[in-house]
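# Analysis of the macromolecular model
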Amino acid sequence: MAAPTRSTVLSLYRRVFRIARTWQAQSGVQNDTEAERKYIVQEAHTLFRQNHQLKDEELIWRCLEECEARIEIGLHYRNPYPRASYLPPLGLATQKGRKLRAQQRLRKQAKPIYLQSHDET
């Protein structure tokens, strides 16, 4: 896997803004469209700024994959907001002696790629 280049990251950043510029809300209401466009721009700006100092190639590739996944899911479902992962807190079975740490680790492993940048609530 080649190193992610600055141009790759910037082209993805521009793609997100192009999508935001042409975005139409599924409801067709102008206020919804404006709110969703604003969300797309704000989310892209926040996440790209948050990750601009990354040096590790593996982490950069993961962020790029997350961005691509969120773009594709958003375009497919016509919904810019991240899809929920349906895993209830402490919903995974525990083994003897491991309890909460094992639960947290399993939840982190089960988190889909398009939600990696979101903190657990």
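Relevant structure appears above.
On a predicted model such as this, the values are computed, not experimentally measured, just so you know.

## Some details on the overall build of the chain
- Along the chain, the regular secondary structure elements total four helices and zero strands.
- In the chain, the succession of α and β elements from N to C terminus is α-α-α-α.
- Put simply, the chain has 121 residues, and 26% of those count as buried.
- Once local pairs closer than 6 in sequence are excluded, the contacts in the chain between residues at least 24 apart make up 62%.

## Some points on the packing of aromatic side chains
- Scanning the entire structure with this criterion turns up three aromatic pairs.
- Plain terms: the ring middles of Y39 and Y81 are 4.6 Å apart, the flat faces sit at 50° to each other, and that makes the pair tilted. Placement of Y39 in helix α2 (residues 30-50) and of Y81 in the loop between α3 (57-77) and α4 (99-110) is noted, with a sequence separation of 42 residues between them.
- The class of Y81 is partly exposed, set by a relative accessible area of 34%.

Procedures and definitions
Residues numbered from 1 in each chain as written. Predicted model: local features only at pLDDT ≥ 70, side-chain atom pairs only at ≥ 80, totals over all residues. Heavy atoms only, no water. Helix = DSSP H or I, 4+ residues; strand = E, 2+ residues; numbered from the N terminus. Buried < 20%, exposed > 50% of the residue type's maximum accessible area, 1.4 Å probe, protein only. Contact = heavy atoms within 4.5 Å. Phe/Tyr/Trp six-rings, centres within 6.5 Å; stacked < 30°, edge-to-face > 60°.

The quantities given are spatial measurements derived from coordinates; they are silent on function.
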